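What follows is the residue order along each chain.
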Amino acid sequence: MYRSHNCGELRSSHIDTTVTLAGWVQKVRDKGFVVWVDLRDRYGITQLIFDGERTEKDIFEQAQKLGREFVIQVQGKVIERTSKNPNIQTGDIEILVDKLSILNESLLPPFTIEDDTDGGDEIRMKYRYLDIRRDPVKNSLIFRHKVAREVRNYLSDQGFIEIETPYLIKSTPEGARDFVVPSRMNAGQFYALPQSPQTFKQLLMVAGMDKYFQIVKCFRDEDLRADRQPEFTQIDCEMAFVEQDDVLNAFEGLTKHLLKALKGIEIDDFPRMTYDEAMERYGSDKPDIRFGMEFGELNDIAQHKDFNVFNSAELVVGLAVPGGNSFSRKEIDALTDWIKRPQIGAKGLVYCRCNDDGTFKSSVDKFYDQADLENWAERTGAKAGDLILVLSGETDATRSRLNSLRMELAERLGLRNPDEFAPLWVTDFPLLEWSEDTQSYHAMHHPFTSPKHDQIDLLETDPAAVRANAYDLVLNGNEIGGGSIRIHDRETQALMFKHLGFSPEEAKAQFGFLMNAFEYGAPPHGGIAFGLDRLVAILGGQETIRDFIAFPKNNSGRDIMIDAPSPVDEAQLKELNLKLDL
Ligand code: ASP
């Protein structure tokens, strides 16, 4: 038996019992006449004591030579500590060791295995097995397990069945590139790794499995952005005989359950907002609604007053920064520079101070009198002591810039409280999205999403105006889930492919299997997928997902621990009928 107890378990009630523990040496403190060793395992830290008088000489000497991260087993008696440590659960006791065996030695770890490590990101990823010994990473992985377990239990209780779908499939276009896998037995042919189980879960609906879920790996060969992983995990779900509200209600239930079970938070308010409304009020399809600073459109009150910048703009829009009148001129200039950076690209920033005495002072006083500025304040909800910031220009770009400014200010003003959770449904997304690159329309969600029933005719005349039965779940300004009601008849699906620029032959070659299935009694259906990595990170109070993934890839998509991707040898390529031409 390697251990009778773990290193987080012993309390004063165990005093005088003989125990066996095994674990890693966290720290050795050698005072000459007594040696203390902190022994660590997954469950905690227990202090061992080797004492010049009470411990046998050879064991005492062996203890003096222990190095960090040695794996040891000890037997000894639980005794009361003279100086207790209230910071750890085992802080009342220590083990007076009488047997010590070294199970394995360790090289000196390349960074300290402590909460605040001296190791940088790359080295920690290279030695991830050491990094996971640290509490913050270990606890994040345990937290992830708890989230996944709650998801499984909740959905199972609601009658959902977890069904695995294949990883070696044919490509499903969801907007990203596929990772492809050559087939040795089918020369010149390739599988694709799923970007999501989308078509399979729809086929399961045709098959009558009317409530499906799966916690599943998905793969997308995207240009990597910060905090994206080429493989990630989704909570993937699909339901048959549902309308949009049924799906929203079901997953509102899951979200509330998770917040209650994992954070002890009861959510009463679960607003729903259309995409158009979200863009108008926040300039974003994933607004953080934990704080105000909503947009106020000023066109009717700010245009035609001789200020040409506003007069020539498609949109004039502002927001009130709470308490912002305390910003100095220098701070406002710095904000103006910030928003004029090429990444954001505004041409300028108009401001208006709301003084405590009810007067206003703006950067455009030449064109606007107090009554005008009072209207601005009313529109943006500004109060005395606030600062109104106004941008103008083309509608979409201006909204997006003001959204960047809103989020930046919220960050600076500490309004994004990680302990507060404000979920929101954004519904009725556009069906299609124009791509400047390809000069064509793409499906905004994916090609299986159904248009609003009464808008199908608009596809011919004004495709950009068509709204879809598509929705996102937003939590604290992050999109954590998205889904849609699907097309479930061949004719509409064919029409959709046509508008996406597929010829009938291409549609048949790629999606014949789905269109055929639609001819065998496909029920109305819809679903959603949540990004598990991000959900766990947000519930864990953080916005980076890496620490919640046991073995993440770095920003270039590399696993630097196992050194992947890497070349394969000539023979392997030959067997796969592949020739490299680099
Ligand atoms: N397959 C979609 C995605 O991965 C989710 C869905 O429509 O259910 O985003």
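Right, let's talk about the site of the ligand for a bit. The local shell around the ligand holds 14 residues, among which Gln-198, Lys-201, His-445, His-446 and Arg-486 are the closest. Lys-201 is positioned such that a nitrogen or oxygen atom in its side chain is 2.6 Å from an oxygen atom of the ligand. Here an oxygen atom of the ligand and a side-chain polar atom of Arg-220 are 3.0 Å apart. Protein coverage of the free-state accessible area of the ligand, which is 270 Å², stands at 92%. Contributions of two or more residues to the shell around the ligand are made by helix H5 (198-206), strand E21 (478-485) and strand E22 (525-531). Ranked by residues supplied to the shell around the ligand, first place goes to E22 with three residues. By residue class, the composition of the shell around the ligand is two nonpolar, eight polar and four charged.

Moving on to the sheet that holds strand E1 (residues 18-30). Pairing in this closed barrel of five strands is mixed, and the strands run E1-E2-E3-E5-E4 around the ring. Along the sheet, successive strands turn relative to each other by an average axial angle of 55°, direction set aside. Lying on the sheet, helix H1 (residues 57-64) is in contact with E1, strand E2 (34-41), strand E3 (44-51) and strand E5 (93-104); it crosses E5 at an angle near 75°.

As a further point, take the pairing of strand E18 (residues 432-435). The sheet contact formed by E18 and strand E19 (residues 440-443) spans four bridges and is antiparallel. Note on E19: the bridge partner recorded for Trp-434 is Tyr-441. Connecting E18 to the next strand, E19, in antiparallel fashion are four residues, including Gln-439 with a positive phi near 50°.

Once that is clear, we can look at H1. Owing to its 3.6 residues per turn, the α-helix aligns residues three or four sequence positions apart on the same side. Listing the buried residues of H1 in full gives Ile-59, Phe-60 and Ala-63. One side of H1 holds all its buried residues, which, seen down the axis, span an arc of 100°. Looking at H1, the residues exposed on the side facing more than 90 degrees away from the buried face are Lys-57 and Asp-58. Looking at the buried side of H1, the elements it contacts are E1, E2, E3 and E5.

The subject of this paragraph is the nonpolar core. Ranked by size, the top nonpolar core spans 40 residues in total, and within it Val-147, Leu-155, Phe-251 and Leu-539 carry the most contacts. Every element with two or more residues in this core is listed here: helix H4 (135-157), strand E9 (211-219), strand E10 (231-240), helix H6 (244-263), strand E20 (470-475), E21, E22 and helix H16 (532-539). The element that contributes the greatest number of residues to this core is H6, accounting for seven residues. Those residues in contact with Phe-251 that lie beyond four places of it in its chain are Leu-155, Phe-160, Cys-237, Met-239, Trp-425, Ile-528 and Phe-530. Of all hydrophobic cores here, the second largest spans 31 residues; its members include Val-206, Ile-456, Ala-470 and Met-496.

The peptide bond linking Ala-564 to Pro-565 adopts the cis configuration, its omega dihedral lying at 0°. Note on placement: Pro-565 falls in the loop between H16 and helix H17 (570-575). Despite not being glycine, Phe-241 has its phi angle at roughly 60°, a positive value. Relative to the assigned elements, Phe-241 resides in the loop between E10 and H6.

What follows concerns the environment of Pro-166. Tracing the backbone through its elements, the reader meets Pro-166 in the loop between strand E6 (161-162) and strand E7 (180-182). A relative accessible area of 37% places Pro-166 in the partly exposed class. Once the C-alpha coordinates of Pro-166 and Ala-522 are considered, the two residues, 356 residues apart in sequence, prove to be 21 Å apart.

The next thing to look at is the packing of helix H14 (residues 490-499) against helix H15 (residues 504-517). Look at H14 against H15: their axes get within 11 Å of each other, and the N-to-C directions meet at 155°. It follows from the interaxial angle that H14 and H15 lie roughly antiparallel. For the element pair H14 and H15, the recorded crossing hand is right-handed. Contacts between H14 and H15 involve Arg-490, Gln-493, Ala-494 and Phe-497 on the former and, on the latter, Ala-507, Phe-511, Met-515 and Asn-516.

What counts, and at which threshold
Residues numbered from 1 in each chain as written. Predicted model: local features only at pLDDT ≥ 70, side-chain atom pairs only at ≥ 80, totals over all residues. Heavy atoms only, no water. Near = heavy atom within 4 Å. Polar contact = N/O pair within 3.5 Å; in protein donor to acceptor, adjacent residues only side chain to side chain. Areas by Shrake-Rupley, 256 points an atom, 1.4 Å probe, with all protein chains shown as cover. Helix = DSSP H or I, 4+ residues; strand = E, 2+ residues; numbered from the N terminus. Nonpolar A, V, L, I, M, F, W, Y, C, P; charged D, E, K, R; others polar. Pairing = 2+ DSSP bridges. Axes fitted to C-alpha atoms, helices over the stretch in contact; angles between N-to-C directions. Contact = heavy atoms within 4.5 Å. Buried < 20%, exposed > 50% of the residue type's maximum accessible area, 1.4 Å probe, protein only. Arc of directions from axis to C-beta. Core = buried A, V, L, I, M, F, W, Y, C linked by side-chain atoms within 4.5 Å. Parallel < 35°, antiparallel > 145°, perpendicular 65-115°, else oblique. Left-handed = near helix turned anticlockwise from the far one by under 90°.

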